[in-house]
Amino acid sequence: MTMDRMLTLGTRGALAVVLVVVALMPVLCTTFFTSQVGLTSLWLGLVAVSLTFLSGYGGMVSLAQTALFGVAGLIAARLSVESGWDPWAAALAGILAATAVGLLFGAVASGSQGIYFLIITLAFAQVTYFYFAAVPTFGAHEGINGVRPPAVLGDPVQDPARMYWFLLVVSVLAFLGLRHVSRTAFGLALQGVRDDPVRMAALGYNVRLHRTLGFTLAAPVAGAAGVLSAWSNTRMSAGSISLAIAILVLTTAVIGGLNRLEGAWVGALIYTLCDTYLRGWTDRFTTWLGVVFLVIVLVSPGGVVGLLGSATSWLHSRLRGGAPPPAAPSTPAPPVPVSSGGAR
Amino acid sequence: MTGAATAPVLRVRGLTRRFGGVVAVADVDLDIAPGERRAVLGPNGAGKSTLFNLIAGADTPTSGSIELFGADVTRLGARQRARLGLSRTFQTSRLLTGLTVEDNLYLAAVGVSGGRLRLLRTARDRTAREQARATAESVGMTDRLATLAGDLSHGEQRQLEIGLALVAEPRMLLLDEPAAGLSRSERQLLTALLLSLDRDVTLLLIEHDMDVALTVAERVTMMHDGVVIVEGTPAEIRGDQRVHDLYLGKAHV
Ligand SMILES: Nc1ncnc2c1ncn2[C@@H]1O[C@H](COP(=O)(O)OP(=O)(O)O)[C@@H](O)[C@H]1O
Ligand SMILES: [Mg+2]
């Protein structure tokens, strides 16, 4: 018992240390690291979590999240740089536009499942990419440069601390928001639709509506990531939402683990670290990244987060002295409250 | 509903469903009275499950019509029929395997009571949770509330399958081989559960197990090759030569 308790405390302690390091990164790490690794991991994690949510809770593996990311990012960039909008207002407009496009994409794609859903969202990604690459309003291939984030957030390259904390707060809010949704009637029903649409229809649910709204709900998350990416890099172009990036977001989410929301940021951090430090060591960077991806997918379908979970429980059972893990104590069912009105 | 106390809750006319060359259900007429307990028997491939899918709206008939609770529902989808008070179980369990037993039952309660798109927890959730736990108790799953449906044993999955159909207090219940794969004692529990159902509920039951079917049912419809061949009381069915030749004589699966 005390051993268990110590282990639980140990796990909690390790988690607390990680959280403290993450929260204090601008103080503990160099400006380069905070800007290059910190900011990138956070916005990449944010767009990836929109996919993790759709895939993990809705069974919808979407390649269109970068398209929504681009809609918000490019519209916000365009409005603030060319039309002189206040950055916050431009961001809001961009995110609303991404949500509207998400509703449209979701309404169309919600009729399909599995590989067909993937292909339809791939088409959305491509159409959006070619649109932005062609239209001069959005800078065509050049994109929009000189995007200035709100003044309070400071300069993302010279002094990224405030920008970093802002992205961190947005990420935490997105995580908590999506986790909250997953526990509501809507979110549980979305998981029901993921598990068995035929059963859900027999229970009285409109499966297609649920899928559409789930897709719509993830859109502002991807959109916010787009805006934050434009702010962090002070630029955005069609190249930021190419097919390669769409696949990168999918890879990130899978590496982290599609079963857990936090996996998105873990995957993003791993990718960003590899991108920052491995790319210089080898000119076969992409190949190596592919190998890492393959190994993770083969070893742990739950990604790195799943792997950490299994490792922790393995450690627990080993340290308990090899005794087989006791069956989880069956929690007594909470008594059914006797209500005056709703008694059956 | 004008005075006619025996107006059927379910009226099926000329129902036909073709799959390519196979006529799975052929010109079936069926009337089920309120509160009736009806068993549908017949060898494998007789078209029983297809008939259920058509009644529940999971499948669309090639021709024919279906009236439920006095309204024509032929063109309505499964979800609208569920909201009218029709519940069904599936021959092979269809559970929400990634969710707990309690969440399965909770979603079944919410599906019919409304608030399916709610993003906030409200008092209605408490009611739905209470319904879920009460149903878990009536199907004997109180100690499994926190277990993932995908982790249940076969027998428990069948119990939950019935629980999902019962939570929303349906007016009509379609059970497709609920006893399939259950042990002897589980079958007895199932029979007791079905006998204890409220008389307000109309029950339509497909069942191979004669002990269960003929104990629970007051009337029996016998199908073969998509066609209804006999309809009668359990005693009449037991005495019918065609039924014997087709079904009772053979060792059933
Ligand atoms: N989805 C389907 N596609 C093609 N044929 C089907 C389908 N569903 C049922 N059938 C056929 O319809 C007939 C009746 O099947 P079913 O209704 O499952 O019978 P039962 O439930 O009485 O065993 C069988 O010949 C079966 O092969
Ligand atoms: Mg069948």
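Our structure's up above, just so we're on the same page.
Notes on the structure follow. Note that this is a predicted model, so its numbers are computed, not measured. (Residues numbered from 1 in each chain as written. Chains lettered and ligands numbered in written order. Predicted model: local features only at pLDDT ≥ 70, side-chain atom pairs only at ≥ 80, totals over all residues. Heavy atoms only, no water.)

**Let's talk about the coordination of the magnesium ion (ligand 2)**
Link 1 in the chain: Taken together, the protein donors to the magnesium ion (ligand 2) comprise S49(B) (OG) and Q91(B) (OE1), at separations of 2.1 Å. Here the residue S49(B) occupies a position in helix α1 (residues 48–56), and Q91(B) occupies one in the loop between β6 (86–88) and α3 (101–113), the gap between them amounting to 42 residues. (Donors = N, O, S within 2.8 Å, 3.2 Å for Na, K, Ca; no water. Helix = DSSP H or I, 4+ residues; strand = E, 2+ residues; numbered from the N terminus.)

**Some points on the site of ligand 1**
Residues and elements named next belong to chain B.
Link 1 in the chain: Inspection of the region around ligand 1 gives F19, V22, A24, P43, N44, G45, A46, G47, K48, S49 and T50 as its neighbouring residues.
Link 2 in the chain: Between an oxygen atom of ligand 1 and a main-chain N or O atom of G47, the distance comes to 3.0 Å.
Link 3 in the chain: Here T50 contributes a side-chain N or O atom positioned 2.6 Å from an oxygen atom of ligand 1.
Link 4 in the chain: Burial of ligand 1 by the surrounding chains reaches 58%, relative to a free accessible area of 560 Å².
Link 5 in the chain: Counting residues per element, the ones that place at least two in the shell around ligand 1 are β2 (22–32) and α1.
Link 6 in the chain: If one sorts the elements of the shell around ligand 1 by residue count, α1 sits on top with three residues.
Link 7 in the chain: Split by residue class, the shell around ligand 1 holds five nonpolar, five polar and one charged. (Near = heavy atom within 4 Å. Polar contact = N/O pair within 3.5 Å; in protein donor to acceptor, adjacent residues only side chain to side chain. Areas by Shrake-Rupley, 256 points an atom, 1.4 Å probe, with all protein chains shown as cover. Nonpolar A, V, L, I, M, F, W, Y, C, P; charged D, E, K, R; others polar.)

**Side note on the pattern of salt bridges**
Residues and elements named next belong to chain B.
Link 1 in the chain: Per the stated rule, a full pass over the model turns up 20 salt bridges over all chains.
Link 2 in the chain: Across the salt bridge formed by E102 and R133, the nearest N and O atoms sit 3.3 Å from each other. Pair noted here: E102 is in helix α3 and R133 is in helix α4 (residues 123–138), with a separation of 31 residues, a long-range link.
Link 3 in the chain: Among the salt bridges present, the one from E156 reaches R144, with a minimum N-O distance of 2.9 Å. (Salt bridge = Lys/Arg side-chain N within 4 Å of Asp/Glu carboxyl O.)

**Describing empty space enclosed by the protein**
Link 1 in the chain: Scanning the model with the defined rule gives one cavity of 30 Å³ or more in all.
Link 2 in the chain: As a volume, the largest cavity reaches approximately 60 Å³.
Link 3 in the chain: Looking at the largest cavity, the residues that line it are R199(A), A202(A), L203(A), A82(B), L86(B), S87(B), R88(B), A108(B), V112(B), L164(B), A165(B) and A168(B).
Link 4 in the chain: If one sorts the elements of the lining of the largest cavity by residue count, β6(B) sits on top with three residues.
Link 5 in the chain: Per-class residue counts for the lining of the largest cavity are nine nonpolar, one polar and two charged. (1 Å grid on protein atoms, 1.4 Å probe; cavity = no way out; pocket = protein on both sides within 12 Å on 5 of 7 lines; lining within 4 Å. Points joined across faces, edges and corners; volume = space filled by probe spheres on them.)

**So, a nonpolar patch on the surface**
All names here are of chain A.
Link 1 in the chain: Together, V17, V20, V21, L24, V27, L28 and W165 give the surface a local cluster of nonpolar side chains, amounting to about 620 Å² of exposed area.
Link 2 in the chain: Secondary-structure elements contributing two or more residues to the nonpolar patch are α1 (2–23) and α2 (25–28).
Link 3 in the chain: In terms of residue count, α1 provides more of the nonpolar patch than any other element does, three residues in total.
Link 4 in the chain: Checked against the element boundaries, L24 lands in the loop between α1 and α2. (Patch = residues over 30% accessible without salt bridge, like charges linked within 9 Å, V, L, I, M, F, W, Y side chains within 5 Å.)

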